[in-house]
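Results of the structural survey
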Amino acid sequence: MEIPETDSEDEMAPGWEERCTTDGLVFYAHHATKTTQWHHPRTNKKKRVTGELPFGWERQITEEGKVFFVDHLNHKTTYTDPRLAFAVEESKSLTDLRQRFDSSTTGIQILHGRDLTGRIAIVTGANCGIGYETARSLAYHGCTVVFACRDLTKAEAAIARIQKQRPSSTCHALQVDLASLTSVRMFAHTFSVRFGRCDVLLLNAGVFGLPHTLTEDGLETTFQVNHLSQFYLALLLQPLLVQSTPARVIFVSSESHRFATLNTENISEDLLSPSHKSSYTSIIAYCNTKLCNVLTALEMQRRFGDQGINCYAVHPGNAVSTYLTRHWWAYRLLYAVVRPFTKSLQQACATSVYCAASVDISRFGGIYVNNCVPCLPSQSSLDSILSNRLWITSLSMIEHVLGRRAFSMQPLSKCNEQSPNNKGEKFSNLVTIGVL
């Protein structure tokens with residue numbers, strides 16, 4: 001691996017040398033005066049590096065006690081700590097966060113120099129499109145990636161492509177059908193038993209442009225796939241995420257959330273999941289679910305942020321050519337026309353990868369990110385009353401389908417027990433596990 005040159009704005013006057021301690025604190029030594037300091041000689045800012053060495057590097061010590069570093073991928077050695085090439089300035093707030101990436105950045109570039117070995121990530125809808133590129137980027141850098149997909153054959157084919165390019169990558173396919181809450185529950189149970197930890201939950205899957213259809217649970221498909229099932233998955237895995245702290249949850253939303261019609265006055269089960277096609281418009285349904293994604297990310301941060309879980313909502317890009325448009329020929333044609341002017345799939349996955357693994361943003365949760373930059377979502381997204389009502393309504397809809405054991409991890413055969421008639425008792429088990 002080539003260690004990149006230092007950015008021009010970080011260049012120092014002659015005589016200074018950048019070094020770092022073993023625990024990742026950067027300091028500066030001046031050879032003429034034989035002094036050291038923690039602040040950059042020009043910018044006067046502190047910097048730090050991650051505790052991990054870049055992927056493929058190893059720290060060794062000579063018989064004389066001198067530390068050196070070995071790049072096993074390129075068969076090189078150096079006495080310079082390779083982590084220095086990826087040091088970042090310490091930020092006290094989001095406004096102080098230095099922008100290092102933009103709309104042209106790819107997911108692979110985000111992870112340059114990172115080693116994610118030992119971390120486990122779930123990516124829903126990872127068999128194609130942005131989800132595939134997200135999973136590939138993480139797997140290339142040592143992360144164990146679980147492909148949460150409806151079609152296991154396609155998921156395993158996608159994994160085979162990655163392992164052909166990078167044989168050392170570790171990927172697994174687990175089936176989950178987001179049109180079935182029972183399937184979501186089975187996936188959460190299987191994953192928890194098999195892996196025992198979850199560092200990153202990346203809720204990427206989605207549908208767009210569907211005609212009005214109902215799932216096996218009797219819910220409108222766009223709403224259940226884009227919001228309810230992934231909300232349910234996040235809640236089921238919340239105890240595992242807490243055990244794996246620091247953990248991250250990323251909801252892939254869209255700028256179209258700004259065109260949603262959902263508000264505190266009209267939120268209801270029938271608006272979220274219309275039972276009749278006469279009250280359904282596919283575009284509005286999609287926009288509303290994307291608002292639900294942002295609301296859920298911010299509300300989840302409020303509820304679980306102090307437990308070591310950081311939650312993000314992201315916008316991958318505008319009119320990116322993916323499998324998402326497969327249900328409507330007009331959109332397939334439109335996206336094909338604008339494809340030369342939009343992001344590639346690797347660029348579209350960058351913001352998700354940034355929120356999943358970047359050190360820059362690790363201290364800040366409960367934010368909306370576009371082009372790898374935190375920004376303000378719509379005003380409706382920031383309405384805590386609306387997000388709380390959506391949370392409670394979503395819980396009610398899930399329990400209506402699966403019964404009162406919907407949020408326990410007891411044997412799956414018990415999940416269909418009916419809810420009690422008393423409303424206070426209905427939610428008592430949810431309060432106990434911290435869902436409400």
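Let me sum up the structure you'll find in this document. Quick caveat, the model's predicted, so the values are computed rather than measured.

Cut-off values and rules
- All residue numbers here refer to positions counted from 1 along the written sequence of the relevant chain.
- In view of the model being predicted, local features appear only for residues whose pLDDT reaches at least 70, and side-chain atom pairs are presented and counted only at 80 or more, with totals across whole chains, interfaces and linings using the full set of residues.
- Only hydrogens and water are removed before side-chain values are computed, so all heavy atoms of the structure are retained for them.
- By definition, two strands form a pair when at least two bridges between them are found by DSSP.
- Going along the chain from the N terminus, every DSSP run of H or I of four or more residues is numbered as a helix, and every run of E of two or more is numbered as a strand.
- Inter-axis angles, ranging from 0 to 180 degrees, are taken between N-to-C directions of lines fitted to C-alpha atoms, where helices are fitted over the stretch in contact.
- When checking whether two residues touch, look at their non-hydrogen atoms; a contact exists if any pair is within 4.5 Å.
- A carboxyl oxygen of Asp or Glu within 4 Å of a side-chain nitrogen of Lys or Arg is what we treat as a salt bridge.
- Exposed residues in this analysis have more than 50% of their type's maximum accessible area, buried residues have under 20%, and partly exposed residues fall in between, with area computed by a 1.4 Å probe over protein chains only.
- The scheme is simple: roughly parallel for angles under 35 degrees, roughly antiparallel for over 145, roughly perpendicular for 65 to 115, oblique for anything else.
- Should the near helix be turned anticlockwise from the far one by less than a right angle, the crossing is termed left-handed; should it be turned clockwise, right-handed.
- Residue polarity follows a fixed list, in which Ala, Val, Leu, Ile, Met, Phe, Trp, Tyr, Cys and Pro are nonpolar, Asp, Glu, Lys and Arg are charged, and the others, Gly among them, are polar.
- Multiplying 1.5 Å by the residue count of a helix minus one yields the expected span of that helix.
- Side-chain atoms alone can form a polar contact between residues adjacent in sequence; in general such a contact is a pair of N or O atoms within 3.5 Å, and within protein one must be able to donate a hydrogen while the other accepts it.
- The term nonpolar core refers to a set of buried residues drawn from Ala, Val, Leu, Ile, Met, Phe, Trp, Tyr and Cys, joined through side-chain atoms within 4.5 Å.

Let us now look at the sheet that holds strand E14 (residues 309–315). Strands sit in the order E11-E10-E9-E12-E13-E14-E15-E16 across an open sheet of eight strands; the sheet is mixed. The strands lining the two open edges of the sheet, one partner per strand, are strand E11 (170–175) and strand E16 (373–375). Each neighbouring strand pair of the sheet contributes to a mean axis angle of 25 degrees, computed without reference to strand direction. In the sheet, strand E10 (residues 144–149) pairs with E11 via six bridges, with the strands oriented parallel. In the strand pairing of E11, Cys-149 is matched with Gln-175. Along the sheet, helix H4 (residues 181–195) contacts strand E9 (120–124), E10 and E11; its crossing angle with E11, the most-contacted strand, is approximately 145 degrees. Helix H5 (residues 221–243) contacts E9, strand E12 (200–203), strand E13 (247–252) and E14 of the sheet and is inclined by roughly 175 degrees relative to E12.

Moving on: the pattern of salt bridges. What the rule picks out here adds up to eight salt bridges. Residue Glu-17 pairs with Arg-19 through a salt bridge whose shortest N-O separation is 3.3 Å. Note on Arg-19: relative accessible area 34%, which makes it partly exposed. Residues Arg-258 and Glu-255 are paired through a salt bridge, measuring 2.9 Å at the closest nitrogen-oxygen approach. Look at Arg-258 and you get partly exposed, because its relative accessible area is 35%. What emerges from the salt-bridge pattern is a single network uniting Glu-299, Arg-302 and Arg-303.

Here the focus is the packing of H5 against helix H7 (residues 282–304). It is at 8 Å that the axes of H5 and H7 come closest, and there the two elements cross at 15 degrees. Between H5 and H7, the angle is such that the two are roughly parallel. In this structure, H5 crosses over H7, and the sense of that crossing is right-handed. On H7, the residues touching Thr-222, Phe-223, Asn-226, His-227, Phe-231, Ala-234, Leu-235 and Gln-238 of H5 are Ala-285, Tyr-286, Thr-289, Lys-290, Cys-292, Asn-293, Thr-296, Met-300 and Phe-304.

Turning next to unusual backbone geometry. Between Thr-245 and Pro-246 the backbone carries a cis peptide bond, its omega angle lying at 0 degrees. Within the element layout of this structure, Pro-246 appears in the loop between H5 and E13. Unusually for a residue other than glycine, Asn-371 sits at a positive phi of about 55 degrees. Relative to the assigned elements, Asn-371 resides in the loop between strand E15 (367–370) and E16. Within the chain, Cys-372 stands out as a residue other than glycine whose phi angle is a positive 65 degrees.

Right, let's get into the packing of H4 against H5. H5 packs onto H4 with a crossing angle of 30 degrees between their chain directions and a minimal axis gap of 10 Å. The orientation of H4 with respect to H5, classified from their angle, is roughly parallel. You can see that H4 and H5 cross each other, and the crossing is right-handed. Residues Leu-181, Val-184, Arg-185, Phe-187, Ala-188, Phe-191 and Ser-192 of H4 form the contact with H5, whose participating residues are Gln-224, Leu-228, Ser-229, Tyr-232, Leu-233, Leu-236, Leu-237 and Leu-240. Partitioning the contact of H4 with H5 into residue classes produces eleven nonpolar, three polar and one charged.

Right, let's get into helix H11 (residues 384–402). In this model H11 runs 27 Å from its N-terminal to its C-terminal C-alpha over 19 residues, within 8% of the 27 Å that 1.5 Å per residue would give. Where H11 begins, the capping side chain belongs to Asp-383, and its oxygen is found 3.0 Å from the backbone nitrogen of Ile-385. Gly-403 sits one or two residues past H11 and shows a positive phi near 90 degrees.

Below, the discussion takes up helix H2 (residues 129–140). Between its first and last C-alpha, H2 extends 17 Å over twelve residues, near the 16 Å set by a 1.5 Å rise per residue. Burial analysis of H2 places twelve of its twelve residues in the buried class, which makes it a mostly covered element. Listed as buried for H2 are Gly-129, Ile-130, Gly-131, Tyr-132, Glu-133, Thr-134, Ala-135, Arg-136, Ser-137, Leu-138, Ala-139 and Tyr-140. Where H2 terminates, the next one or two residues include Gly-142, which has phi positive at roughly 95 degrees.

Attention now goes to the environment of Val-123. Structurally, Val-123 can be placed in strand E9. On the accessibility criterion, Val-123 (0% relative accessible area) is buried. Between the alpha carbons of Val-123 and Ala-205 there is a distance of 8.1 Å; along the sequence they are 82 residues apart. In contact with Val-123, not counting residues within four places along its chain, are Gly-131, Ala-135, Leu-138, Val-145, Val-146, Phe-147, Ala-148, Leu-202 and Asn-204.

On to the environment of Lys-290. By secondary structure assignment, the location of Lys-290 is in helix H7. In the structure, Lys-290 is positioned 34 residues away from Ser-256 in sequence and 6.8 Å away in space, judged by C-alpha atoms. Each residue touching Lys-290, except ones within four places of it in the same chain, is listed here: Asn-226, Val-252, Ser-253, Ser-254, Ser-256 and His-257. Among the polar contacts made by the side chain of Lys-290, one reaches the main-chain carbonyl oxygen of Val-252 at a distance of 3.0 Å.

This part takes up the side chain of Thr-215. Tracing the backbone shows Thr-215 in the loop between E12 and H5. Looking at Thr-215, the relative accessible area reads 10%, which means it is buried. In this structure Thr-215 touches Ala-179, Thr-221 and Gln-224, once residues within four positions along its chain are discounted.

Further remarks concern the nonpolar core. One broad trend across soluble globular proteins is that nonpolar side chains are buried collectively. With 62 residues, the main nonpolar core has Phe-191 and Leu-201 as its most contacted residues. Here this core gets twelve residues from one element, more than from any other, and that element is H5. For Leu-201, the residues in contact, after removing those within four places along its chain, are Ile-122, Leu-233, Ala-234, Leu-237, Leu-241, Arg-248, Val-249 and Ile-250. Judged by nonpolar contacts, the second largest core, of 43 residues, contains Tyr-132, Cys-171, Tyr-312 and Tyr-354.

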